[in-house]
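Geometric and topological summary
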Amino acid sequence: MKIALIETSLYWCDIDRNLKHFQNLIESVAPDCKMVLLPEMFSTGFTMQPEQLQDNNLQKVPLWFKEMAIKQSMAIGGSSVAHIHNNYYNRFYFAIPGGELHHYDKRHLFRMGEEQHHYTAGNERKVFDFENWRISPQICYDLRFPVWSRNRNDFDMLIYVANWPASRQDVWTTLLKARAIENQCYVAGVNRTGTDPQVGYAGGSVVYSPKGESVSYAADINPSIIYADINLEELNRFRQKFPAWKDADDFEFL
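Figured I'd write up the structure that's included with this text. Just so it is clear, the structure is predicted and the values come from calculations on it, not from any experiment. (Residues numbered from 1 in each chain as written. Predicted model: local features only at pLDDT ≥ 70, side-chain atom pairs only at ≥ 80, totals over all residues. Heavy atoms only, no water.)

Details of the sheet that holds strand S1 (residues 2–6)
- Here we have seven strands laid out as an open sheet, ordered S5-S4-S3-S2-S1-S14-S13, and mixed in their pairing. The open sheet terminates on both sides in strands that have one partner only, identified here as strand S5 (101–105) and strand S13 (216–218). Taking the axes of each pair of neighbouring strands and ignoring which way they run, one obtains an average angle of 30° across the sheet.
- Pairing of strand S4 (residues 87–95) with S5, which is carried by five bridges, proceeds in the antiparallel orientation. For Phe94, the partnering residue across the bridge sits in S5 and is His102. (Pairing = 2+ DSSP bridges. Helix = DSSP H or I, 4+ residues; strand = E, 2+ residues; numbered from the N terminus. Axes fitted to C-alpha atoms, helices over the stretch in contact; angles between N-to-C directions.)

Details of the layout of surface pockets
- When its volume is computed, the largest pocket comes out at roughly 410 Å³.
- Considered class by class, the residues forming the lining of the largest pocket number 12 nonpolar, five polar and five charged.
- Empty space within the second largest pocket amounts to approximately 240 Å³.
- Forming the boundary of the second largest pocket are 13 residues, of which Arg150, Asn151, Arg152, Trp245 and Ala248 lie nearest the centre.
- Across the lining of the second largest pocket, the residue classes tally to four nonpolar, four polar and five charged. (1 Å grid on protein atoms, 1.4 Å probe; cavity = no way out; pocket = protein on both sides within 12 Å on 5 of 7 lines; lining within 4 Å. Points joined across faces, edges and corners; volume = space filled by probe spheres on them. Nonpolar A, V, L, I, M, F, W, Y, C, P; charged D, E, K, R; others polar.)

What to know about the side chain of Glu115
- With respect to the helices and strands, the residue Glu115 is situated in the loop between S5 and strand S6 (128–130).
- Judged by its relative accessible area of 0%, Glu115 falls in the buried class.
- Side-chain polar atoms of Glu115 contact the side chain of Asn90, separated by 3.2 Å.
- Contact partners of Glu115, with chain neighbours within four places excluded, come to Glu40, Met41, Phe46, Met48, Asn90, Lys106, His108, Leu109 and Phe110. (Buried < 20%, exposed > 50% of the residue type's maximum accessible area, 1.4 Å probe, protein only. Polar contact = N/O pair within 3.5 Å; in protein donor to acceptor, adjacent residues only side chain to side chain. Contact = heavy atoms within 4.5 Å.)

Comments concerning the state of the cysteines
- Applying the stated rule across the entire model yields zero disulfides.
- For Cys33, which is in no disulfide, the shortest distance to another cysteine sulfur is to Cys185 and amounts to 19 Å.
- Cysteine Cys140 is unpaired, with the sulfur of Cys13 as its nearest cysteine sulfur at 16 Å.
- The exposure class assigned to Cys140 is buried, which follows from its relative accessible area of 9%. (Disulfide = S-S within 2.5 Å.)

These results come straight from atomic positions and should not be treated as a statement about function.
Below, the structure written as structure tokens:
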């Protein structure tokens, strides 16, 4: 299955402009691509002032995901601000071509940026099914907490969408590779570029194989689009040949 990661700068808190920007990029993705992933808070940037965003603009985002997935015949995932019952969430949306829309709310809120004072943490680990793949979505800071992303033999790919600062770029690549190896799964990490009012971003979007090998490559025409070809049969053969997952420790969340 071919997937694409879109790595680009964002327009600060300008939802309409970002939706149009990403629509143009998605429309340029190779037609044989099955899934497109966007960065964390792709529609606004990593804002800690969600109350300044208009609800009618926030409500456009999930509809946009569904419309784009149907129009392009691709699954599309990325996170955005969601306002639900007086609470704000950093919500990952995952739309599939059939019109279904799934979501995951970020579990670990970035304390150093005071995200926990502006958003409500999610408490449900999610796994989505698409094209016979079992996919577990995570958001940025979740990457630092391996217990939350531990494979219980219930997913084949981890997705991390992020606004990960350039100053911690080596941490980003190191942890993504570690999650792939320890969970014996593919890991896709998509990060933004450019700057916001606080920090700069250096991208580094990548897909790692279960062996920790990079299997992604930039498009020749548009370097903002990173492609990877992932193979479920190869993944299953590797798990059977090297079944470390059978010796994993049992645990439960309290």
